[in-house]
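Tertiary structure, described
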Amino acid sequence: MGFKPLHDRVLLRRVGEEEKSAGGIIIPDTAQEKPSEGIVVSVGSGVRADDGSVRELDVKAGDRVLFGKFGGTDVKVDGEDLLILRESDILGVVEGKKKTKKSA
């Protein structure tokens, strides 16, 4: 991809929502809410502190994150709809679910 966010900004791809409700009703695109979960595509270099040092961001490419409903700016990069937001607009990282073994 030919785009790299600057400083404390993060570029992410929204994770698609289900097009059917739990009861099986198909929800049209116009009625669906934009998801507030996404996959980080690219991150900036970091936050510059008052002393001039740069602190790397806590998120990295490939992380699955939650962000505020109205945060960020929608952009189109290489024909794909993506979102740019500041790291401070990210609420948290969704960690993978651990698989548990059933004892027989």
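This write-up is about the structure you can find in this document. All values reported here derive from a predicted model rather than from experimental measurement.

Turning our attention to the nonpolar core. Counting residues in hydrophobic clusters, the biggest one holds eleven residues: Val 10, Leu 12, Val 40, Val 43, Leu 57, Val 59, Val 65, Phe 67, Leu 83, Leu 85 and Ile 90. At the level of secondary structure, the elements contributing two or more residues to this core comprise strand E1 (9-14), strand E2 (37-43), strand E5 (64-67) and strand E7 (80-86).

Estimates place the volume of the largest pocket at around 170 Å³. Lining the largest pocket are ten residues, and of these Arg 14, Asp 74, Asp 81, Leu 82 and Leu 83 sit closest to its centre. Residue assignment for the lining of the largest pocket shows that the elements contributing at least two residues are E1, strand E6 (73-77) and E7. Broken down by element, the residue count for the lining of the largest pocket peaks at four residues, all from E7. Residue classes in the lining of the largest pocket are distributed as four nonpolar, no polar and six charged.

Evaluation of the coordinates by the stated rule reveals eight salt bridges. A salt bridge links Glu 80 to Arg 13; the shortest N-O distance between them is 2.4 Å. Note that Glu 80 is positioned in strand E7 and Arg 13 in strand E1, a separation of 67 residues in sequence. Residue Glu 80 is classed as partly exposed on the basis of its relative accessible area, which comes to 26%. Relative accessible area serves as the criterion here: at 33%, Arg 13 is assigned to the partly exposed category. Between Arg 64 and Glu 37 there is a salt bridge, with its nearest N and O atoms 2.4 Å apart. Of this pair, Arg 64 sits in strand E5 while Glu 37 sits in strand E2, placing them 27 residues apart in sequence. Classification of Glu 37 by relative accessible area gives partly exposed; the value is 23%.

Conventions and cut-offs
Residues numbered from 1 in each chain as written. Predicted model: local features only at pLDDT ≥ 70, side-chain atom pairs only at ≥ 80, totals over all residues. Heavy atoms only, no water. Core = buried A, V, L, I, M, F, W, Y, C linked by side-chain atoms within 4.5 Å. Buried < 20%, exposed > 50% of the residue type's maximum accessible area, 1.4 Å probe, protein only. Helix = DSSP H or I, 4+ residues; strand = E, 2+ residues; numbered from the N terminus. 1 Å grid on protein atoms, 1.4 Å probe; cavity = no way out; pocket = protein on both sides within 12 Å on 5 of 7 lines; lining within 4 Å. Points joined across faces, edges and corners; volume = space filled by probe spheres on them. Nonpolar A, V, L, I, M, F, W, Y, C, P; charged D, E, K, R; others polar. Salt bridge = Lys/Arg side-chain N within 4 Å of Asp/Glu carboxyl O.

Honestly, that's just the spatial picture; any functional story needs more than this.
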